Amino acid sequence: PTPQRLPTASPIAPPDSTFSREIGDNSADQVNDFAMGSDKGFALAGFTFPTSESKGALVKLSSNGTVEWQNSIDIDTSRFLGVTANTGGYATVATVAGANVVSSFSNTGTQRWSNQISASGLSLRAVREASGELFAVGSYNDGANTALIILKYTSTGNIILKKKITMPGSYGFVPEDLQATS
């Protein structure tokens, strides 16, 4: 039998690049998360190293890549870990001096509210909006076990729901209501 010739594939064109932007001034600067806003711009959450310690950085880019505003946490060892577009702006989760901080910013970068949670073993890592409601998720380690933590926030930054989900053995996830801490 005569071998059949395979059709020649045409090269795939690279995606159109509307902008390319370098942000930061140190090779150790890092973006941990990004979110697209209703204006088609982006918020970048991460940290920079202006000194030997990291400092949280939140940068808003327009749809063409122009820096519109920047917010920073001027405390050593702070980092923005997550960002999400939410109603009229952005919400973030950060670590600041060992505490977990969830904040809301307007589209212009003004901080609307901030809620700090200091709890040994708690590590919030992501924030998301779903159906107009804001949630932060992470993990909690009590020294013996690690569990998934879900926090639900009001539009003014109050926590209205705390869930800890553990996985004891092979029985599956078990949700448990948590009491508010002071």
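Just so it is clear, the model here is predicted, and its values are computed rather than measured. (Residues numbered from 1 in each chain as written. Predicted model: local features only at pLDDT ≥ 70, side-chain atom pairs only at ≥ 80, totals over all residues. Heavy atoms only, no water.)

## Observations regarding the packing of aromatic side chains
Here comes step 1: Throughout the structure, instances matching the rule amount to 3 aromatic pairs.
Here comes step 2: With centroids separated by 6.1 Å and ring planes inclined at 55 degrees, the aromatic side chains of Phe34 and Phe42 adopt a geometry described as tilted.
Here comes step 3: On the basis of relative accessible area, Phe34 is assigned to the exposed category, the value being 52%.
Here comes step 4: Look at Trp113 and Tyr153: their rings are 5.7 Å apart centre to centre, the planes differ by 25 degrees, and that puts the pair in the stacked class. Residue Trp113 is located in strand β8 (residues 111-117), and its partner Tyr153 is located in strand β11 (residues 146-153); the two are separated by 40 residues in the primary sequence. Take Trp113 and Tyr153: they sit in the same class, and that class is buried.
Here comes step 5: Taking NZ or CZ as reference, Arg79 lies 3.9 Å from the ring centre of Phe47, over its face. (Phe/Tyr/Trp six-rings, centres within 6.5 Å; stacked < 30°, edge-to-face > 60°. Buried < 20%, exposed > 50% of the residue type's maximum accessible area, 1.4 Å probe, protein only. Helix = DSSP H or I, 4+ residues; strand = E, 2+ residues; numbered from the N terminus. Lys NZ or Arg CZ within 6 Å of the ring centre and 35° of its normal.)

## Comments concerning the sheet that holds strand β5 (residues 79-86)
Here comes step 1: Read across the sheet, 4 strands follow the order β5-β6-β7-β8 without closing on themselves; strand pairing throughout is antiparallel. Each edge of the sheet is formed by a strand with only one pairing partner; in this case those strands are β5 and β8. On average, each strand axis in the sheet is tilted by 15 degrees relative to the strand beside it, whichever way the strands run. (Pairing = 2+ DSSP bridges. Axes fitted to C-alpha atoms, helices over the stretch in contact; angles between N-to-C directions.)

## Things to note about the nonpolar core
Here comes step 1: Val102, Leu124, Leu134, Leu151 and Tyr153 are the most contacted members of the largest nonpolar core, which totals 14 residues.
Here comes step 2: Every element with two or more residues in this core is listed here: β6 (89-96), β8, β9 (122-130), β10 (133-141) and β11.
Here comes step 3: With sequence-adjacent residues up to four places away left out, Leu151 is seen in contact with Ile117, Leu124, Leu134, Phe135, Ala136, Ile159, Leu161 and Lys162.
Here comes step 4: Among the nonpolar cores identified, the runner-up in size contains 13 residues, and Ala45, Trp69, Val96 and Val101 belong to it. (Core = buried A, V, L, I, M, F, W, Y, C linked by side-chain atoms within 4.5 Å. Contact = heavy atoms within 4.5 Å.)

## Re the pattern of salt bridges
Here comes step 1: If you walk through the whole model with that rule in mind, you get 4 salt bridges.
Here comes step 2: Two residues, Asp33 and Arg128, come together in a salt bridge whose shortest N-O distance is 3.3 Å. Remark: Arg128 occurs in strand β9 and Asp33 occurs in strand β1 (residues 30-36); sequence separation between them is 95 residues.
Here comes step 3: Taking relative accessible area as the criterion, Asp33 reaches 15% and is therefore assigned buried.
Here comes step 4: We classify Arg128 as partly exposed; its relative accessible area is 41%. (Salt bridge = Lys/Arg side-chain N within 4 Å of Asp/Glu carboxyl O.)

## Some words on the sheet that holds strand β4 (residues 67-72)
Here comes step 1: Overall, antiparallel pairing links the 4 strands, which are arranged β1-β2-β3-β4 in an open sheet. At either margin of the open sheet sits one strand with a lone partner, and together these are β1 and β4. Ignoring strand direction, the axes of neighbouring strands in this sheet form an average angle of 20 degrees.
Here comes step 2: Sheet analysis places strand β3 (residues 55-61) next to β4, joined by 5 bridges and oriented antiparallel.

## Considering unusual backbone geometry
What you tend to see is this: most non-glycine residues have negative phi, and most peptide bonds are trans.
Here comes step 1: In this model, Lys40 sits at a positive phi of 70 degrees, which is unusual for a non-glycine residue.
Here comes step 2: With a phi close to 50 degrees, Ser131 is a non-glycine residue in the positive phi region.
Here comes step 3: Here Ser131 lies in the loop between β9 and β10.

## As for the environment of Val101
Here comes step 1: By the secondary structure assignment, Val101 is in strand β7 (residues 99-106).
Here comes step 2: Sequence separation between Val101 and Ser114 is 13 residues, and the spatial gap between their C-alpha atoms is 6.7 Å.
Here comes step 3: Leave out the neighbours within four places in its chain, and Val101 touches Thr92, Val93, Ala94, Val96, Ser114, Asn115 and Gln116.

## Notes on the pairing of strand β12 (residues 159-166)
Here comes step 1: Bridge analysis of β11 against β12 gives 6 bridges, and the strand direction is antiparallel. The partner of Leu148 across the bridge, within β12, is Ile165.

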